[in-house]
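Read off the chains here:
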Amino acid sequence: MTFKELIIIEPILRALNEKGYTMPTPIQQQAITPALVNRDILGLAQTGTGKTAAFSLPIIQQLYLNKTHGKKREIRALILTPTRELAIQINECLTDYTKYTGLRHCVIYGGVKQNSQVNQLKTGIDILVATPGRLLDLMNQRIISLDTICHFVLDEADRMLDMGFIHDIKRLLPKLPKEKQTLFFSATMPSSIAVLSRSILHNPVKVEVTPVSSIVDTIDQYIYFVEKQEKKDLLINLLKKDKKKSALIFSRTKHGADKIARILSKSGIGSAAIHGNKSQNARQRALSDFKSHKIQTLIATDIAARGIDINNLELVINYDLPDVAETYVHRIGRTGRAGNTGVALTFCANDEKVMLKDIQKLTGRKLLVAN
Ligand code: AMP
């Protein structure tokens, strides 16, 4: 199947072509057709499946075809997402996908001054990407009104709830027009999410891709059994062996992430940590230094890493095992994307062996022992 067969129109096809997208991913194949005819969507998919394009392309196409000629530009689509990183990435994708449409978009998130975001809003935009807090803030200041929204995306709904955004969302929902298209995406579907989805979707088309356990099949997974105090030497040795490989390293705690970054920098391995205590600027700098290969390693906590879109990532290292088995799958899902193969290495100390059992049960695979 091609994008053309999904009835994607020329200005968007051209942009996708430039991005090198030759075929729609499974979630795109399922979601684009119903979304183009304005159906609500309930999407079960995680980052890495191509879900951003799955919800963005139908919205862009509908907005492009329903041009409001001569009228003042008003916000017609809202994409709500839990983290700043994710918001920025979605906005970057929109920049690519809307390139030949003349549509305008911008992103707002907290942790930075609002001035430049407000100035952008004032120029008139069609699609707004936002995190909940800043959006409510600007709505309260009457800088943003949602009265003209025709398309609403709730992205990473499960993570929104985990991060405590449920009250923000409940305050936002009544401010949106009743008549609109809603695209609801979540990586998991616990009952709280199912209840939320039922309360906001109308007769949705359900789309679902790769259950968590089979995503890991394209990733070679190895485990190192090491004592806690040996982990840093093992990490340095592995990274020095293969200096060209960019590695995303996961730490369970913010403090641990900083510590690993310090140890690596001391041994001459370029590194930076990203986590919730870092300023937005520091996080963005770290991410762009990593993407441009200025630094070899990025050390992240789970929340900070969530939604980071880094292409061609070959190596993920779990310095600590996560507390929840699903998190392991989210972590290693950073590699082996879009048909590429990847490698995931996990360091397991004695007291972490219980977690390993859960992970192997969830993925249905035994990790290969590397030492
Ligand atoms: P997402 O799940 O939206 O974060 O997308 C994951 C990655 O897949 C991003 O780097 C996208 O640019 C890429 N991607 C999305 N759709 C396609 C496609 N049809 N072909 C190739 N790459 C894609």
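In case you missed it, the structure is sitting above this.
Residues numbered from 1 in each chain as written. Predicted model: local features only at pLDDT ≥ 70, side-chain atom pairs only at ≥ 80, totals over all residues. Heavy atoms only, no water.

Draft legend 1. Examining the overall build of the protein more closely. Looking only at helices and strands, the protein has 15 helices and 14 strands in total. Here the protein has a C-alpha radius of gyration of 21 Å; the compact-globule value for 371 residues is 21 Å, and the two agree. Considered along the principal axes of its C-alpha atoms, the protein spans approximately 65 × 45 × 40 Å. Counting the 371 residues in the protein, one finds 55% classified as buried. For the protein, restricting intrachain contacts to residue pairs at least 6 apart in sequence, the fraction spanning at least 24 positions comes to 76%. A total accessible area of about 17100 Å² is found for the protein, and carbon and sulfur atoms account for 50% of it. Between the mean site of the 52 positive side-chain charges and the mean site of the 35 negative ones, the protein shows a separation of 4 Å. (Helix = DSSP H or I, 4+ residues; strand = E, 2+ residues; numbered from the N terminus. Rg over C-alpha atoms; globule rule 2.2 N^0.38 Å. Buried < 20%, exposed > 50% of the residue type's maximum accessible area, 1.4 Å probe, protein only. Contact = heavy atoms within 4.5 Å. Areas by Shrake-Rupley, 256 points an atom, 1.4 Å probe, with all protein chains shown as cover. Lys, Arg positive; Asp, Glu negative; His and termini not counted. Charge placed at Lys NZ, Arg CZ, Asp CG, Glu CD.)

Draft legend 2. Expanded view of the layout of surface pockets. By volume, the second largest pocket amounts to about 350 Å³. Looking at the second largest pocket, it is lined by 19 residues, and the ones nearest its centre are Arg-159, Asp-162, Val-324, Thr-327 and His-330. For the lining of the second largest pocket, the elements supplying multiple residues, two or more each, are helix H7 (157-162), helix H9 (191-200), helix H13 (302-305) and helix H14 (325-332). For the lining of the second largest pocket, the leading source of residues is H7, giving 4 residues. Here the lining of the second largest pocket is built from residues that sort into 7 nonpolar, 4 polar and 8 charged. Both domain 1 (3-208) and domain 2 (212-369) contribute no fewer than three residues apiece to the lining of the second largest pocket. (1 Å grid on protein atoms, 1.4 Å probe; cavity = no way out; pocket = protein on both sides within 12 Å on 5 of 7 lines; lining within 4 Å. Points joined across faces, edges and corners; volume = space filled by probe spheres on them. Nonpolar A, V, L, I, M, F, W, Y, C, P; charged D, E, K, R; others polar. Domains from an automatic or database assignment.)

Draft legend 3. Summary view of the packing of aromatic side chains. On inspection of all chains with the given rule, the structure shows 4 aromatic pairs. A centroid spacing of 5.9 Å and a plane angle of 50 degrees characterise the contact between Tyr-319 and Phe-347, whose relative ring orientation is tilted. Of this pair, Tyr-319 sits in the loop between strand E12 (315-318) and H14 while Phe-347 sits in strand E13 (residues 342-348); the two residues are 28 residues apart in sequence, bridging distant segments of the chain. Put simply, the rings of Tyr-224, Tyr-319 and Phe-347 touch in pairs and so form one group of aromatic residues. When the ring centre of Tyr-100 is taken as reference, the NZ or CZ atom of Arg-14 above it lies at 3.8 Å. Taking the ring centre of Tyr-319 as reference, the NZ or CZ of Lys-231 above it sits at 5.8 Å. (Phe/Tyr/Trp six-rings, centres within 6.5 Å; stacked < 30°, edge-to-face > 60°. Lys NZ or Arg CZ within 6 Å of the ring centre and 35° of its normal.)

Draft legend 4. Just the pattern of salt bridges, in detail. As enumerated under the stated definition, the model contains 15 salt bridges in all. With a shortest N-O distance of 3.0 Å, Lys-19 and Asp-96 are connected by a salt bridge. On the criterion of sequence distance, the pair formed by Lys-19 in helix H1 (residues 10-19) and Asp-96 in helix H4 (residues 84-97) is long-range, its members being 77 residues apart. For Lys-19, a relative accessible area of 35% corresponds to the partly exposed category. Classification of Asp-96 by relative accessible area gives partly exposed; the value is 28%. Here Asp-155 ties to Lys-51 by a salt bridge, and the two come within 2.8 Å at their closest N and O atoms. (Salt bridge = Lys/Arg side-chain N within 4 Å of Asp/Glu carboxyl O.)

Draft legend 5. Structural context of the sheet that holds strand E14 (residues 368-369). Strands sit in the order E10-E11-E9-E12-E13-E8-E14 across an open sheet of 7 strands; the sheet is parallel. Edge positions in the open sheet fall to strand E10 (271-274) and E14, since each of these has one partner strand only. Those strands touched by helix H10 (residues 231-241) are strand E8 (219-225), strand E9 (247-250), strand E11 (297-300), E12 and E13, and its axis lies near 160 degrees from that of E13. (Pairing = 2+ DSSP bridges. Axes fitted to C-alpha atoms, helices over the stretch in contact; angles between N-to-C directions.)

Draft legend 6. Summary view of the sheet that holds strand E4 (residues 127-130). Read from one edge of the open sheet, 7 strands run E3-E4-E2-E5-E6-E1-E7, paired in parallel fashion. The open sheet has two free edges, formed respectively by strand E3 (105-108) and strand E7 (205-208), since each of these has just one partner strand. Between one strand and the next, the sheet's axes are offset by a mean angle of 15 degrees, whatever the strand orientation. Summarising the sheet, strand E2 (residues 77-80) and E4 pair through 4 bridges and their orientation is parallel. Counted as the bridge partner of Leu-80 is Ala-130 from E4. Contacts between H9 and the sheet are confined to strand E1 (41-44), strand E5 (151-154) and strand E6 (181-186), with E6 contributing the most and set at about 170 degrees to the helix.

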